[in-house]
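Below are the chains, spelled out letter by letter.
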Amino acid sequence: MQTTWKGTISFGLVSIPVHLYSATQEHDVPLHQVHAKDGGRVRMKRYCEQEEKEVPYGEIARGYESPDGRTVTLTDEDLADLPLPSKKIIDVLAFVDAGEIDPLMFSKAYYVGVADKAAAKPYALLRDALTESGQIAVTKIALRTRESPAVLRVHDGTLVLQTCIWPDEVRPAAGIAPEEDVTVRPQELKMARSLMDTLSEDFDLAQLHDDYQQALQQVITARLEGVELPHEEEAGEAPDNVIDLMEALRSSLKQAKGGRATAAGSGPEEDGPAPRRRAPAKKRTASAEAASGPAPEAAAPAAKRAAGARKTTTGKSTTGKSTAPRKAS
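Everything numeric in this text was worked out from a predicted model, so none of it was measured.

Q: Could you clarify how one ought to interpret the overall build of the protein chain in this entry?
A: A count of helices and strands for the protein chain gives 8 helices and 12 strands. Counting only residues that meet the buried cut, the protein chain has 19% of its 329 residues in that class. Taking all contacts inside the protein chain whose residues are at least 6 apart in sequence as the whole, residues at least 24 apart take part in 55%.

What follows is the structure in structure tokens.
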């Protein structure tokens with residue numbers, strides 16, 4: 001693994017020579033710019049406006065233009081000699097609980113490894129102290145051309161340095177969330193918690209994969225082989241507002257449970273037709289029909305039974321046997 005940075009962790013009078021290694025990597029499909037007309041590769045050229053010609057990369061430097069139009073040129077040597085104490089030292093400023101740092105501030109992560117065998121014991125001391133206390137170390141570090149706050153924490157028995165953005169670089173969230181008073185009913189909160197628990201059952205973060213990169217690779221393969229591009233079925237439009245929040249929660253819970261019954265407390269009229277095994281539900285439905293009269297679907301069978309009853313007065317039955325009334329004795 002390639003070393004990204006070399007320096008020393010310092011807390012108090014304890015120094016730990018360390019190396020930093022990138023802890024993450026992205027699996028992007030490499031794409032470059034081409035001319036859409038003929039597929040010719042398009043390359044960016046470094047062009048000097050002053051001399052009106054292309055210049056080699058070795059002659060490129062960084063510059064700053066002042067408000068009055070003057071340009072200051074900064075070489076690599078100028079940037080390397082900046083008077084920064086954090087240029088080669090990760091100075092631990094404080095130890096705080098992990099919850100005190102908003103995850104919104106976290107940026108890139110680096111594994112911290114020892115630079116030599118002598119650093120093994122102080123490395124283990126810092127790692128074990130952080131593990132036992134449940135805290136993280138707040139530091140500062142200068143990487144490349146930028147100084148950043150950072151934290152030291154433990155991951156799988158290894159120290160990790162996570163760079164952060166400065167607190168004043170976090171934009172305020174004022175005006176983003178709904179400002180009007182919204183009342184959430186206890187039933188809605190209970191249903192939402194039930195949905196959360198159901199979605200979290202047997203969840204494994206390691207099973208997640210990048211669908212976009214997979215789909216992009218399928219399109220590239222289809223182009224190379226000259227076959228029809230794969231197409232995903234068009235998804236239905238999502239509703240623009242939630243009319244019945246409880247019904248949306250119930251439907252989501254049913255879908256998450258794979259069609260199983262919803263949480264206890266939801267009646268048959270709310271959850272749709274009751275399953276056959278729910279005898280009480282049938283009784284309630286029957287009693288409701290008795291109170292309000294036969295349903296439209298039952299009108300035809302009732303008419304047939306009435307017609308059959310009229311036929312019995314003629315001595316004929318649907319079974320073919322005589323049904324004449326007996327004489328009174």
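Q: Help me understand a nonpolar patch on the surface, please; the structure alone is not making it clear to me.
A: Among the surface-exposed residues, Tyr64, Val72 and Leu74 lie close enough to one another that they form a single nonpolar patch of about 270 Å² accessible area. As for its placement among the helices and strands, leucine 74 is situated in strand 6 (residues 71-74). In this structure leucine 74 comes out as partly exposed when scored by relative accessible area, which is 33%.

Q: Is there a simple way to think about helix 2 (residues 120-133) in this case?
A: For helix 2, spanning 14 residues, the distance from its first C-alpha to its last is 20 Å, which sits close to the expected 20 Å at 1.5 Å a residue. When we look at burial in helix 2, the residues that qualify are Pro122, Tyr123, Leu126 and Leu130. For helix 2, the arc enclosing every buried residue in end-on projection is 110 degrees, short of the 170-degree limit, so these residues lie on one face. For helix 2, exposure combined with an orientation more than 90 degrees from the buried face picks out Lys121, Leu125, Thr131 and Glu132. Downstream of helix 2 by one or two residues, glycine 134 has phi in the positive range, about 70 degrees.

Q: So what exactly am I meant to see when it comes to the environment of alanine 215 here?
A: Mapped onto the fold, alanine 215 is located in helix 4 (residues 211-225). A relative accessible area of 36% means that alanine 215 is categorised as partly exposed. Each C-alpha atom of the pair alanine 215 and proline 230 lies 8.4 Å from the other, and the pair is 15 residues apart in sequence.

Q: So what exactly am I meant to see when it comes to the packing of helix 3 (residues 186-200) against helix 5 (residues 245-256) here?
A: For any two helices packed against each other, the geometry is given by the interaxial angle and the distance between the axes. Two elements in contact, helix 3 and helix 5, have axes separated by 10 Å at closest approach and are oriented at 20 degrees. Comparing the axis directions of helix 3 and helix 5 gives the class roughly parallel. In this structure, helix 3 meets helix 5 at a crossing whose hand is left-handed. Between helix 3 and helix 5, the residues in contact are Gln187, Glu188, Met191, Ala192, Ser194, Leu195, Thr198 and Leu199 and Leu245, Met246, Leu249, Arg250, Ser252, Leu253 and Ala256, respectively. Considered class by class, the residues forming the contact of helix 3 with helix 5 number 9 nonpolar, 4 polar and 2 charged.

Q: Can you help me understand the sheet that holds strand 7 (residues 89-91) in this one?
A: Two pairing modes exist for strands in a sheet, parallel and antiparallel, and in both the strands are linked by backbone hydrogen bonds. Taking strand neighbours across the sheet as the criterion, the 8 strands line up as 7-1-2-9-12-11-10-8 in an open arrangement whose pairing is mixed. Two strands in the sheet have a free side with no partner beyond their single neighbour: strand 7 and strand 8 (94-97). The mean inter-strand angle of the sheet, taken between neighbouring strand axes irrespective of direction, is 40 degrees. Note: strand 9 (residues 106-114) against strand 12 (residues 158-164), 4 bridges, orientation antiparallel. Bridging across to strand 12, phenylalanine 106 finds its partner in cysteine 164.

About the cut-offs
- Residues numbered from 1 in each chain as written.
- Predicted model: local features only at pLDDT ≥ 70, side-chain atom pairs only at ≥ 80, totals over all residues.
- Heavy atoms only, no water.
- Helix = DSSP H or I, 4+ residues; strand = E, 2+ residues; numbered from the N terminus.
- Buried < 20%, exposed > 50% of the residue type's maximum accessible area, 1.4 Å probe, protein only.
- Contact = heavy atoms within 4.5 Å.
- Patch = residues over 30% accessible without salt bridge, like charges linked within 9 Å, V, L, I, M, F, W, Y side chains within 5 Å.
- Areas by Shrake-Rupley, 256 points an atom, 1.4 Å probe, with all protein chains shown as cover.
- Salt bridge = Lys/Arg side-chain N within 4 Å of Asp/Glu carboxyl O.
- Expected span 1.5 Å × (residues − 1).
- Arc of directions from axis to C-beta.
- Axes fitted to C-alpha atoms, helices over the stretch in contact; angles between N-to-C directions.
- Parallel < 35°, antiparallel > 145°, perpendicular 65-115°, else oblique.
- Left-handed = near helix turned anticlockwise from the far one by under 90°.
- Nonpolar A, V, L, I, M, F, W, Y, C, P; charged D, E, K, R; others polar.
- Pairing = 2+ DSSP bridges.

Scope: geometric values only; no functional claims are made or implied.
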